[in-house]
Amino acid sequence: MIDFGDFYRLIAKSPLSHWLNTLPPQLSEWQKNSLHGKFKQWFNAVEYMPDVTPESVDLLHSVTVDNAALSEGQRKGIETHLRNLMPWRKGPFSLYGTNIDTEWRSDWKWERVVPHISNLEGRTILDVGCGSGYHLWRMVGAGAHLAVGIDPMQLFLCQFEAVRKLLGGDLRAHVLPLGIEQLPELQAFDTVFSMGVLYHRRSPLDHLYQLKNQLVSEGELVLETLVIDGDAQQVLVPGDRYAQMRNVYFIPSAAALVNWLEKCGFVDIRIVDICPTTTEEQRRTDWMTSESLAEFLDPQDPTKTIEGYPAPMRAVIVAKKP
Ligand SMILES: C[S@@+](CC[C@H](N)C(=O)[O-])C[C@H]1O[C@@H](n2cnc3c(N)ncnc32)[C@H](O)[C@@H]1O
């Protein structure tokens, strides 16, 4: 089973050490009682992944690793285990010749975010809702001291561990199978990312307070979420589904989001990007073969979802904890 010992040892002598009061019992309980029915199958893909040594690694411009000495058989084996971890949503990854063309071009999101945030060099970072951990590796590539991701989806944890193994066991990034609501108030991260999570939270202001409580004083929040057009009083609360997703609760305008952040005590709030999500950025691929954005939009009017709401548009907002 997953051994979180490396992470515990790493934080023992850091400002995150007080997390050790609650985290080990919480994760032992998770391993005992909360494993998904397919977890063993997914984790086998990690365990049976060949042990390979990277010759070249790029985490700055992409997530790419290779070693020219690998045989065709070894490369095929790697691809087979990676395919056992489908569907792959967040990426892309290039791993010893296997190019995982994920549902999302998460690299495009990273390019929209990175020019507007504080230099990540030497920072301790939390990525809430990190998915497969694609952005964690890009944070490491940008010089982060430690990048910690949390995400309750166990398939994503296994995808992350598979990539970590192929990167030669890099310990600068970690994923924990937790939701944000399961974290104590750590007040220890220099930067906290919450990208694609706020609209999934039933209580968005509580989410903003939870993010603030993870930051050190003067720490930076990077918030990316769905928004609608409109003034500071406009918020969409969709019915049963939004773009086929059942768990979408609040989609504010960017101005309303600024209002919420001010209410929660953030300062220096900047809207740095707003753009519609395109069917080039989110689409069905060979590595995620079910329906994607094209099927979630009105075929007669792609500015609307099939439920008749405004089509997805996303904003990036950067703010500081005083
Ligand atoms: C739309 S994806 C965004 C992934 C990635 N951050 C990105 O921007 O590409 C939302 C992620 O949040 C995770 N998530 C859902 N509820 C969460 C919670 N309570 N705490 C942390 N993550 C959560 C989901 O499992 C999913 O991986």
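First things first, this report covers the structure right here in the doc. Just so it is clear, the structure is predicted and the values come from calculations on it, not from any experiment.

1. Notes on the site of the ligand
Next, step 1: In the vicinity of the ligand lie 18 residues, with Lys 109, Gly 129, Asp 151, Ile 180 and Met 195 positioned nearest.
Next, step 2: The separation between a nitrogen atom of the ligand and a polar main-chain atom of Ile 180 is 2.9 Å.
Next, step 3: In the environment of the ligand, a nitrogen atom lies 3.1 Å from a nitrogen or oxygen atom belonging to the side chain of Arg 201.
Next, step 4: Computed on the free molecule, the ligand has an accessible area of 600 Å², of which 88% lies beneath the protein chains in the complex.
Next, step 5: Counted by class, the shell around the ligand contains eight nonpolar, five polar and five charged residues.

2. Brief notes about the side chain of Asp 151
Next, step 1: Looking at where Asp 151 falls in the secondary structure, it is placed in the loop between β8 (146-150) and α7 (154-166).
Next, step 2: Buried and unpaired, Asp 151 has no salt bridge, with Lys 90 as the nearest side chain of opposite charge at 8.4 Å.
Next, step 3: At 2.8 Å, the side chain of Asp 151 forms a polar contact with the backbone nitrogen of Gly 131.
Next, step 4: At a separation of 3.0 Å, a polar atom in the side chain of Asp 151 contacts the main-chain amide nitrogen of Met 153.

3. Describing helix α2 (residues 23-33)
Next, step 1: For α2, the full list of buried residues reads Leu 23, Leu 27, Trp 30 and Gln 31. An end-on view of α2 places all buried positions within 95 degrees of arc, on one side of the element. Within α2, the exposed residues directed more than 90 degrees away from the buried face are Lys 32 and Asn 33.
Next, step 2: Where α2 is buried, its residues contact α1 (5-12), α3 (39-47), α7 and β9 (173-176).

4. Here we look at the packing of aromatic side chains
Next, step 1: Under the criterion given, the structure shown has ten aromatic pairs.
Next, step 2: Between Phe 4 and Trp 30 the ring centres are 6.2 Å apart and the planes differ by 70 degrees, which places this aromatic pair in the edge-to-face class. You can see Phe 4 sitting in the segment before α1 and its partner Trp 30 sitting in helix α2, a full 26 residues away along the chain. The two residues Phe 4 and Trp 30 agree in class, both being buried.
Next, step 3: Ring centres 5.6 Å apart and planes at 70 degrees place the aromatic pair Trp 88 and Phe 93 in the edge-to-face group.
Next, step 4: Connected via pairs of aromatic rings, a cluster forms that spans Phe 4, Trp 30, Phe 39 and Phe 43.
Next, step 5: The aromatic ring of Trp 287 is capped on one face by Arg 83, whose charged end is 4.0 Å from the ring centroid.
Next, step 6: Above the face of the Trp 104 ring, Lys 109 is positioned so that its terminal group lies 5.8 Å from the ring centre.

Quick notes on the rules
Residues numbered from 1 in each chain as written. Predicted model: local features only at pLDDT ≥ 70, side-chain atom pairs only at ≥ 80, totals over all residues. Heavy atoms only, no water. Near = heavy atom within 4 Å. Polar contact = N/O pair within 3.5 Å; in protein donor to acceptor, adjacent residues only side chain to side chain. Areas by Shrake-Rupley, 256 points an atom, 1.4 Å probe, with all protein chains shown as cover. Nonpolar A, V, L, I, M, F, W, Y, C, P; charged D, E, K, R; others polar. Helix = DSSP H or I, 4+ residues; strand = E, 2+ residues; numbered from the N terminus. Buried < 20%, exposed > 50% of the residue type's maximum accessible area, 1.4 Å probe, protein only. Lys, Arg positive; Asp, Glu negative; His and termini not counted. Salt bridge = Lys/Arg side-chain N within 4 Å of Asp/Glu carboxyl O. Arc of directions from axis to C-beta. Contact = heavy atoms within 4.5 Å. Phe/Tyr/Trp six-rings, centres within 6.5 Å; stacked < 30°, edge-to-face > 60°. Lys NZ or Arg CZ within 6 Å of the ring centre and 35° of its normal.

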